[in-house]
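Chain and residue survey
Here is what each chain is made of, one letter per residue.
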Amino acid sequence: ETKVIPGKHGFIAQLNEGRHLKKRPTEFRVDRVLQPFDQGKFNFTKVGQEEVLFRFEPSVHGKSNFSESASIDANDTPNVVAINVSPIEYGHVLLIPRVFDCIPQRIDRLSFELAVRMAAEAGSPYFRLGYNSLGAFATINHLHFQAYYLSVALPVEKALTRRIMVARSRDENSWSGVSGILDYPVRGLVFEGQSPSRGLADVVADACVYLQENTFPLMCLCSDLGRRIFLFPQCYAEKQALGQVSQELLDTQVNPAVWEISGHMVLKRRKDYKDASEEYAWRLLSEVSLSEERFEEVKASMFEAVGLTEYEDGGLERVEEAAALQPITPMAVHFPESCLVLQ
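Residues numbered from 1 in each chain as written. Predicted model: local features only at pLDDT ≥ 70, side-chain atom pairs only at ≥ 80, totals over all residues. Heavy atoms only, no water.

**With respect to the overall build of the protein chain**
The helix and strand inventory of the protein chain stands at 10 helices and 14 strands. Across the 343 residues in the protein chain, those meeting the buried criterion constitute 54%. Counting only contacts in the protein chain whose residues sit at least 6 apart along the sequence, the fraction spanning at least 24 positions is 72%. For the protein chain, the exposed surface amounts to about 16,200 Å²; the carbon and sulfur share of it is 50%. (Helix = DSSP H or I, 4+ residues; strand = E, 2+ residues; numbered from the N terminus. Buried < 20%, exposed > 50% of the residue type's maximum accessible area, 1.4 Å probe, protein only. Contact = heavy atoms within 4.5 Å. Areas by Shrake-Rupley, 256 points an atom, 1.4 Å probe, with all protein chains shown as cover.)

**As for the packing of helix α3 (residues 198–213) against helix α9 (residues 292–306)**
Packing of α3 against α9 brings their axes to within 9 Å, and their N-to-C directions diverge by 120°. Relative to α9, α3 is oriented oblique. Once α3 is placed against α9, the crossing between them reads as right-handed. Along the contact surface, α3 presents D206, A207, Y210 and L211, while α9 presents V298, S301, M302, A305 and V306. The residue inventory of the contact of α3 with α9, partitioned by class, reads seven nonpolar, one polar and one charged. (Axes fitted to C-alpha atoms, helices over the stretch in contact; angles between N-to-C directions. Parallel < 35°, antiparallel > 145°, perpendicular 65-115°, else oblique. Left-handed = near helix turned anticlockwise from the far one by under 90°. Nonpolar A, V, L, I, M, F, W, Y, C, P; charged D, E, K, R; others polar.)

**Points about the pairing of strand β5 (residues 93–96)**
Two faces belong to every sheet, and in a regular strand the side chains alternate between them. Of the two faces of β5, the one lined by V93 and L95 and the one lined by L94 and I96 are each fully buried. Strand direction decides the pairing type here: strand β4 (residues 80–83) and β5, joined by four bridges, are antiparallel. Residue pairing for β5: V81 is matched across the bridge by L95. As paired elements, β5 and strand β7 (residues 145–149) share three bridges and run antiparallel to each other. Across the sheet, L95 pairs through a bridge with F145, a residue of β7. (Pairing = 2+ DSSP bridges.)

**Thoughts on the packing of helix α2 (residues 109–121) against α3**
As a packed pair, α2 and α3 sit with axes 9 Å apart at the nearest point and diverge in direction by 130°. Compared by their axis directions, α2 and α3 come out oblique. Considering only the axes of α2 and α3, their crossing is right-handed. On α3, the residues touching R109, F112, E113 and V116 of α2 are R198, A201, D202, V204, A205 and D206.

**Let's talk about the sheet that holds strand β2 (residues 12–15)**
Strand order in the open sheet made by the three strands is β1-β2-β13, with mixed pairing throughout. Across the chains shown, the open sheet's two edge strands, defined by having one partner strand only, are β1 (2–4) and β13 (264–267). Each adjacent strand pair in this sheet contributes to an overall mean axis angle of 20°, direction not counted. Note that β1 and β2 share three bridges and pair antiparallel. Across the sheet, the residue bridging to K3 is A13, located in β2.

**With respect to helix α8 (residues 278–286)**
Along α8, the residues that are buried comprise E278, Y280, A281, L284 and L285. Down the axis of α8, the buried side of the element spans an arc of 160°, and every buried residue falls inside it. On its buried side, α8 packs onto α5 (247–251), α6 (258–261), β13 and α7 (270–275). (Arc of directions from axis to C-beta.)

**Some remarks on the state of the cysteines**
Within the structure shown, the criterion is met by zero disulfides. Here C220 stays unpaired: no disulfide links it, and the sulfur of C208, its closest cysteine neighbor, is 3.5 Å away. The buried category is assigned to C220, whose relative accessible area is 2%. (Disulfide = S-S within 2.5 Å.)

**Points about the pattern of salt bridges**
Scanning the model with the defined rule gives 19 salt bridges in all. As a salt-bridge pair, K8 and D183 come within 2.8 Å of each other at their nearest N and O atoms. Highlighted residues: K8 in the loop between β1 and β2 and D183 in the loop between β9 (177–181) and β10 (189–192), separated in sequence by 175 residues. The exposed category is assigned to K8, whose relative accessible area is 63%. Where D206 meets R109, a salt bridge forms, and the shortest distance between an N and an O atom there is 2.8 Å. (Salt bridge = Lys/Arg side-chain N within 4 Å of Asp/Glu carboxyl O.)

**Digging into the side chain of R98**
Relative to the helices and strands, R98 resides in the loop between β5 and α2. Exposure remark for R98: the relative accessible area of 18% places this residue in the buried category. Beyond its immediate stretch of four places on either side in the chain, R98 contacts T77, P78, N79, I103, D108, L110 and S111.

See below:
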């Protein structure tokens, strides 16, 4: 069951009873963002063959194409797309870069560029791709991104933003700027480009590398066919460890991961779903956010590390929903009308 919560932000609530009981338990420490790969724990080399949908590789000539089969030899480690066995929406899949290399859950330039390319190749504004680091509700320490279709705009995609005017000392081409998210419960940044590009992917990947190497859990949302990438450093696990999260919120069993932070609230109890309000969603997500002072400190040190120089504030911007979700290519209808979000 899914509904849009009344209010100006349009948070989306989904009732998914028992998901926290059926989902694979976390098998590693939640207080460290970077941890070595452990072959003895569950990883994606152990998934069933029937769970793998296809192989996804960068095209040689920049054009999309589909091959019925692709051979794999001993020196070849493919990027694969597999089903998510704990799905929350239509087409919920996992992108697993270089699956046989057994990379732990950490972002690098090559894998992030691949993820942005997948968001672009999907050719649909309703297809979003997300990433959770360790310490930010990733449950498997094997590099992977999540993606699915949702037929409405996510609240964070419609949030008011303020352009941060920056200059980069290197790789400045192919991306257009950074904005801060305003009037939203979680503080974050939006990196934008006129088109999905290596330059855009690289600047976000470098920011993620800085955060993970400095033990800041993070989440990323790739939106608008790879042209807008939202980055959220967060501290929910830290607050939990310090006993700073209210028991009321802990009792909901909601893990505010990338989809929840983006405004798609996956609720485990019917009572929470029935009583869901904008105030409740705002209060839950606010627990994840860094304070304003700490966010500014993290942003400043991250910008310095990746070669970004902030020199003045730009104007306010708000993405109109119709423009944000305007398909570039005709979209197939994936599900019957009865499955769409009810407003």
